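# What the coordinates show
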Amino acid sequence: MAGLAASFGSGAMTNSIGELENTDCILVIGSNTNENHPVIAARIKRAARLKNKDLIVIDPRKQDLVKFSRLWLRQVPGTDIALVNAMMQVIIAEKLYDEAYVTERTENFEALKETVAKYTPEYAEKITGVPAAQIIEAARIYAKAKAGSIVYCMGITQHTVGTDNVKTLANLAMLCGNVGIEGGGVNPLRGQNNVQGACDMGGLPNVFSGYQAVTDPANREKMAKAWGVENLPDWVGMTMTDMLPAISKGGIKALYIMGENPALTDPDADHAIKAMQQLELLVVQDIFLTETGKLADVVLPASSFAEKDGTFSNTERRVSRVRQAIHPVGQSRPDWQIVCEISNRLGYPMNYANPEAIFEEIRLVTPSYAGISYKRLESGGLQWPCPNEEHPGTVYLHKDWFAKGKGTFFAIDHKDPAEMPDAEYPLYLTTGRLLYQYHSGTMSRRAVGLTEKAPECLVELSPEDAAKYGVASGDQLRVRTRRGQITAKAHISHKAVAGTIFIPFHFAEASANKLTNAALDPVSKIPEYKVCAVQIEKA
Amino acid sequence: MSKATLNLDGMTVEFQPGQTILEVARSHGIFTIPTLCFLKDTTATGSCRMCMVEVEKARTLLPACATVAAPGMAIKTESPRIDVARKMVLELVLSSGNHNCLVCEANGECELQALAYRYQVPTPSFANPPDTKYYYESDNSMIVRDFSKCIMCGRCVRGCNERQVNQAISIGYRGSHNKIVAKADNPYINSDCVFCGECVQSCPVGALLDKNSMHQGRSWERHQVRTTCPYCGVGCQIDLHVKGGHIVKAMGAHALPNEGRLCVKGRFGMGFVQHPDRLKTPLLRKKKGGELEEATWDEALDFVAARLKEVKEKHGPEKIGGWCSARATNEEDYLMQKLMRAVIGTNHVDHCARL
């Protein structure tokens, strides 16, 4: 999100899910949409298969969308910048870019032009492994489309160059005048039901709700007044991925974790567990006793989505209602009630009659949510920004100008991932999700059907690597990196490319994040889950 | 240019070029043309012949779902001639399987049952013999296929291929042998099926069933709650069917962004909500290194508040972090960051957006 915020001034999906069916070209990069966002994939497949639109897939794995694509570019992991820079080099050299748009709505074009000049398709072929002719074809298809949409996900952001990857995609979109139009845009697909909402609500170290910076005295004054407190901290806090390592250095003494499971999802998970054991106080609030909960001093039983009212904000900025269907299970309580109880005991009364009362406060202090109310949401979701009650919500962003005025091109060079394969660890490891499972598996592994289809962790490897290591499907494999090792069954698949193995991270007993590298993107602090060096042997 | 018009049940109405008679009728408030094989957002096949209407000067009755409206058409959506035709269609459809509403899961929400009632068509006299064997598949934990109820409307096939584009099922074989097949006539579990359940939602009868909802009560004993799916960030709108405090099944709601679609997680992944493993009481580790033990809410909350205060006083607020959740509601995340910023005095607030 940091990348998009720098380029456009706002870090969210610029366009809407429904538009994907009617755009002229869809470029999917770093998103295994068919497994991770199947309902969005349905829109993309409808566009490609039934409406004859161009689909370009850029992915090292032969993922499911490939068979619907007009063109598939199979790049070496971690070389997205070189590839997209080369596409831009072609577009600029062949004068396929939108000159009027670039002049009127963007800045810093000359710097971009200069940087990408050396990324000829032939030069990029050497870095990315993608044939020059394919790069040229992809560039032409995307640039010539009237409206082109770029769809990406964690395959772009979970790199040490994640922020630069995103900026590079923003460069490409602006170059072709594809931002601020229907069917265009740069569209990050958010992985969790309310990850957009958690960001919108100020669940970040540097902003209050609505992305109002904590470092701005005017924002602090406004929030302090609304909350009836004297003052608010003026410093930028730490991210999760900084907080955990800070524990062992004494930087964090107490953590209150609501509905997260870092013992399984954090990179270099063994380290995370050791760190949390050193805390003076660990409070975990969740619906199950998770791997993280087992380390806690107190575990507070929360109610699930089906047991409470509220709102979620989806990946296209649509705020939708969550409605209570059943009574809370056992003695569990909705998270909002638990937070209120703790606040009351700390001497700051929080007395809300219901979630709607909290939402009314959110509207008051969050300009982009000001026009949204439970009453309006009765007739369906609303997309922010929605500044007042008459506003219909915003289907796509940056229509006539960017949130920050002019869109900025960033001149960015390719950099290798933090850890490259070598003689000892000769393969790339990349991690992700399966269709039938979800995140740390806390929810999905307790659904009978999902577990029937995906009961255990499988290491996906190519037929070539299987032959090289003498491995058959079903063999137990020991997978080792510089950080840890796991054992799991091999699964030989044509989805995998030679030299790269794939492991899903849902399974606690073979936790992929014991292997992954905690190297972070310096801006977004996102770990490099998508590339590290690994060795395998038969167990 | 004046808009194109036609005559519909005696009214002169406007229409858009390319609209079918069914679409024109529905856009002018006529919802009484019965359909079985029609499925929104998919190719109209006109195969069931339920939606036949009378068009002046046409030689035969025409299927409203598959006939494109033309300027000047004069259309009747109800007439004695139409009634006779629709009744015959129903009788033939009913004769093609074993449609026993007494034990059928779809009773109460079955479109065929509703039409049989509307047109007063009893069990047909020329049905298949009672010992006819039909394909029945129950070897996976999510979807049951009962072909004794299948009316070959093809909605599941179009839902799979056109709404979800999963391309897992098709119509196989020829003539009277034709049936819905998955991957060379295999069970779903051994096919390309990804269990999105679109076929179950598309089925107008009781041929495709959500296994977990079977024998869990009749449709009229349940109430539906519209909510938002708790899995990925698409934010699909779902209708939870609830009976006696239990979630019986989840169906895709016809609202943005999903317009009825769900994936396997949204449709068949609700088992976690009322799973026996759910935490039911607070747990407290009374001394470091000890075990987590059950505690009352007051004990647990008092402990949390006292310890937070202690750490804050001893080390300062900047040594405390609070994590919001990408799974909690907006209201809850807002309160968590408010608690941390306004009450504790720390900006160490984050959630798993990066993971």
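Data block above holds the structure.
Not measured: the values here are computed from a predicted model. (Residues numbered from 1 in each chain as written. Chains lettered and ligands numbered in written order. Predicted model: local features only at pLDDT ≥ 70, side-chain atom pairs only at ≥ 80, totals over all residues. Heavy atoms only, no water.)

## A short note on the layout of surface pockets
What the largest pocket holds in volume is close to 890 Å³. Lining the largest pocket are 31 residues, with A:E35, A:D64, A:Y436, A:K495 and B:V194 sitting closest to its centre. Residues of the lining of the largest pocket, tallied by class, amount to 13 nonpolar, seven polar and 11 charged. Counting the residues that make up the lining of the largest pocket, at least three belong to each of domain 1 (2–189) and domain 3 (427–538) of chain A. B:E111, B:R155, B:Q201, B:S202 and B:C203 are, among the 35 residues lining the second largest pocket, the residues nearest its centre. Going through the elements one at a time, α4 (155–163), α5 (198–202), β10 (208–210), β12 (237–243) and β13 (246–252) of chain B are the ones with two or more residues in the lining of the second largest pocket. (1 Å grid on protein atoms, 1.4 Å probe; cavity = no way out; pocket = protein on both sides within 12 Å on 5 of 7 lines; lining within 4 Å. Points joined across faces, edges and corners; volume = space filled by probe spheres on them. Nonpolar A, V, L, I, M, F, W, Y, C, P; charged D, E, K, R; others polar. Domains from an automatic or database assignment. Helix = DSSP H or I, 4+ residues; strand = E, 2+ residues; numbered from the N terminus.)

## Structural notes on the packing of aromatic side chains
Two aromatic rings, taken as a pair, are described by how far apart their centres are and by the angle between their planes. The final tally for this structure, using the stated rule, is 14 aromatic pairs over all chains. Between A:F208 and A:W227, the ring centres sit 5.9 Å apart and the planes meet at 80°, which makes this aromatic pair edge-to-face. Placement of the pair is A:F208 in strand β7 (residues 207–208) and A:W227 in helix α12 (residues 217–227), with a sequence separation of 19 residues. You can call A:F208 buried: its relative accessible area is 0%. Using a relative accessible area of 3% as the deciding quantity, one classes A:W227 as buried. Consider the rings of B:Y188 and B:F195, whose centres lie 6.2 Å apart with planes at 85°: the pair is edge-to-face. Each member of the pair, B:Y188 as well as B:F195, is classed as buried. These aromatic residues form a ring-pair network of at least three members: A:F305, A:Y438, B:Y231 and B:F272. One Lys or Arg, A:K167, reaches over the ring of A:F410 and ends 4.3 Å from the middle of that ring. (Phe/Tyr/Trp six-rings, centres within 6.5 Å; stacked < 30°, edge-to-face > 60°. Buried < 20%, exposed > 50% of the residue type's maximum accessible area, 1.4 Å probe, protein only. Lys NZ or Arg CZ within 6 Å of the ring centre and 35° of its normal.)

## Here's the deal with the side chain of A:E260
Its place among the elements puts A:E260 in the loop between β9 (254–258) and α14 (262–265). Buried A:E260, no salt bridge; nearest opposite-charge side chain is B:R327, N-O distance 4.4 Å. Looking at A:E260, its side chain comes within polar contact range of the main-chain nitrogen of B:C352, at 3.2 Å. Leaving out residues up to four positions away in the same chain, A:E260 has contacts with A:D286, A:T292, B:W323, B:C324, B:S325, B:A326, B:R327, B:H351 and B:C352. (Lys, Arg positive; Asp, Glu negative; His and termini not counted. Salt bridge = Lys/Arg side-chain N within 4 Å of Asp/Glu carboxyl O. Polar contact = N/O pair within 3.5 Å; in protein donor to acceptor, adjacent residues only side chain to side chain. Contact = heavy atoms within 4.5 Å.)

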